[in-house]
Amino acid sequence: MRLLLKLSGEALAGEAGASIDPGALDAIAAEIGSFVAAGGQLGIVLGGGNLLRGATLARGGIDRITADQMGMLATIMNGLACRDVLLRHGVATTLFAATGIPGVAAAFNRDQAVVELDAGRVVVLAGGTGNPLFTTDTAACLRAIEIGADAVLKATKVDGIYSADPFRQPDAVRYAELDYHQVLSEELGVMDLAAICLCRDHELPIVVFDMHTRGALARIAAGDRIGSIVRSANRGGKLHAR
């Protein structure tokens, strides 16, 4: 199974809140290594919020386009860290950036990325979409469609999608499964509007799960119910959770 894993910048920061926590990356790399060793194919899209947030800079007076460009560079820095740790764990990994940086990261090429995946290498897809005003959630969904992923997996701090923030509202309802229309109509905040619409239009399932769940990647690929799944109400998408 080919999956696209979306990791926030905060996931790389770990519980200590460091900019990049090598311990947190080691734990992520171990999970990825197990999944790939079992024959899974994986693309990874990273956020950059652990280093800086373009929207925050924009509110502080930095030009929004410039701020977003800085944010995209932050995701490339995270991509370098992620690749380094995966390689040290013995996981063959290739880093692509939306706009290439000679000597640092090759420019994203869809055909080459697919070749790398078929060869058993993890592909880290950094730099967002390469354009400002688009989130890394949208980048994740776009790249997933481009590489022919079976699903987008969004790793979060909670074990699925809730009707409200479960940290603020303990009585929030957890959804095991829902369709794209419900996510959009109830404004559940799973991903931004553009990302959800991309997945809906291409019937690409979205799985939201707790990034600390042991063996999550392999279990999701096997069809176990991990977290919450968003998919077409009529066809069920490509991913069939048991």
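Parameters at a glance
Here the residue numbers are simple positions, counted from 1 along each chain's written sequence. Given that this is a predicted model, residues contribute local features only at a pLDDT of at least 70 and side-chain atom pairs are listed and counted only at 80 or more, while totals for whole chains, interfaces and linings are drawn from all residues. Only heavy atoms go into the side-chain values, all of them from the structure, while hydrogens and water stay out. Pairing of aromatic side chains requires ring centres within 6.5 Å, counting the rings of Phe and Tyr and the six-membered ring of Trp. Pairs whose planes differ by under 30 degrees are stacked, by over 60 edge-to-face, and all others tilted. Numbering of helices and strands runs from the N terminus, with a helix taken as a DSSP run of H or I at least four residues long and a strand as a DSSP run of E at least two residues long. Whether a residue is buried, partly exposed or exposed follows from its accessible area with a 1.4 Å probe, protein chains only, as a fraction of its type maximum: under 20%, in between, or over 50%, in that order. For a ring to carry a charge above it, either NZ of a lysine or CZ of an arginine must fall within 6 Å of the ring centroid while also lying within 35 degrees of the normal to the ring plane. Two N or O atoms count as a polar contact when they lie within 3.5 Å, although within protein this holds only if one can serve as hydrogen donor and the other as acceptor, and sequence-adjacent residues are included solely when both atoms are side-chain atoms. Pairs of residues are marked as contacts when any of their non-hydrogen atoms sit within 4.5 Å. DSSP calls a pair of strands paired once it identifies at least 2 bridges connecting them. Under this scheme, a helix contributes an axis fitted over its contacting stretch, all axes are lines through C-alpha atoms, and angles between N-to-C directions fall in the 0 to 180 degree range. Among buried residues, the Ala, Val, Leu, Ile, Met, Phe, Trp, Tyr and Cys ones that are joined through side-chain atoms within 4.5 Å form a nonpolar core. Salt bridge, as used here, is a side-chain nitrogen of Lys or Arg placed within 4 Å of a carboxyl oxygen of Asp or Glu.

K.L.:
What is the right way to read the packing of aromatic side chains from this model?
P.N.:
Both the distance between ring centres and the angle between the ring planes are used here to describe each pair of aromatic rings. Summed over all chains, the structure comprises one aromatic pair. Summarising the aromatic geometry, the rings of phenylalanine 96 and phenylalanine 108 are spaced 6.3 Å apart at their centres and angled 90 degrees between planes, so their arrangement reads as edge-to-face. Of this pair, phenylalanine 96 sits in strand S3 (residues 93-97) while phenylalanine 108 sits in the loop between strand S4 (106-107) and helix H5 (110-118), placing them twelve residues apart in sequence. Exposure class is identical for phenylalanine 96 and phenylalanine 108. Each is buried. The residue whose ring lies beneath arginine 143 is phenylalanine 108, and the NZ or CZ to ring-centre distance is 4.0 Å.

K.L.:
Which parts of the structure should I look at to understand unusual backbone geometry?
P.N.:
It is generally the case that most residues other than glycine have a negative phi and that most peptide bonds are trans. We note that leucine 133 has phi near 75 degrees; this positive angle belongs to a residue other than glycine. Locating leucine 133 in the fold gives a position in the loop between strand S5 (122-126) and helix H6 (136-147). Here leucine 133 falls in the exposed class, since its relative accessible area comes to 53%. One non-glycine residue with positive phi stands out, namely glutamate 203, at about 50 degrees.

K.L.:
What's the story with the side chain of threonine 136 in this structure? I'm lost.
P.N.:
With respect to the helices and strands, the residue threonine 136 is situated in helix H6. A polar contact of 3.3 Å, which involves the side chain of threonine 136, links it to the side chain of lysine 6. When sequence neighbours within four positions are dropped, the list of residues in contact with threonine 136 reads Lys6, Val45, Leu46, Gly47 and Thr75.

K.L.:
What is the right way to look at the sheet that holds strand S1 (residues 2-7) in this model?
P.N.:
By way of backbone hydrogen bonds, the strands of a sheet pair with one another, either parallel or antiparallel. Pairing is mixed in the open sheet, where nine strands are placed in the order S4-S3-S5-S2-S1-S6-S10-S11-S9. The two strands at the open ends of the sheet, each matched to only one other strand, are S4 and strand S9 (177-178). Note that S3 and S5 share five bridges and pair parallel. When the bridges of S5 are listed, phenylalanine 96 appears paired with leucine 125. Here H6 sits on the sheet and contacts S1, strand S2 (41-46), S5 and strand S6 (151-156); the angle it forms with S1, its principal contact strand, is near 170 degrees.

K.L.:
Which parts of the structure should I look at to understand the pairing of S6?
P.N.:
A regular strand places its side chains so that they alternate between the two faces of the sheet. Across the six residues that make up S6, a large majority, six, are buried. Along S6, one buried face is formed by Ala151, Leu153 and Ala155 and the opposite face, lined by Val152, Lys154 and Thr156, is buried too. Relative to strand S10 (residues 206-210), S6 runs parallel, the two being bridged by five bridges. Looking at the pairing, alanine 155 lines up with phenylalanine 209 of S10.

K.L.:
What am I meant to see in the side chain of lysine 154 here?
P.N.:
Turning to its location among the elements, lysine 154 is positioned in strand S6. Looking at lysine 154, its side chain comes within polar contact range of the side chain of aspartate 137, at 3.0 Å. In this structure, lysine 154 is in contact with Lys6, Asp137, Val190, Met191, Val207, Val208 and Phe209, ignoring residues within four places of it in sequence.

K.L.:
How should the nonpolar core be read in this particular structure?
P.N.:
Burial of nonpolar side chains together is a common tendency in soluble globular proteins. With 36 residues, the main nonpolar core has Ile32 and Ile44 as its most contacted residues. With six residues, helix H2 (residues 22-37) is the single largest residue contributor to this core. Those residues in contact with isoleucine 32, other than ones at most four positions away along the chain, are Leu5, Leu42, Ile44, Leu86, Val122 and Leu217. In this structure, Phe96, Ala140, Ile147 and Val183 belong to the second largest nonpolar core, which totals 31 residues.

K.L.:
Explanation requested: the pattern of salt bridges in the structure shown.
P.N.:
Pairing is possible between side chains that carry opposite charge, provided their charged atoms lie close to one another. One pass over the structure, following the stated rule, counts 15 salt bridges. The salt bridge involving glutamate 10 is made with arginine 53; its shortest N-O contact spans 2.0 Å. In this pair, glutamate 10 sits in helix H1 (residues 9-13) while arginine 53 sits in the loop between S2 and helix H3 (54-59), placing the two residues 43 residues apart along the sequence. For arginine 53, a relative accessible area of 43% puts it in the partly exposed group. The shortest N-O distance in the salt bridge between arginine 88 and aspartate 84 comes to 3.1 Å. Of this pair, arginine 88 and aspartate 84 both sit in helix H4 (residues 64-88), four residues apart, which is roughly one turn of the helix. In this structure, a network of salt bridges that share partners links the residues Lys6, Asp137 and Lys154.

From the geometry alone we can't say anything about function, so treat these as descriptive.
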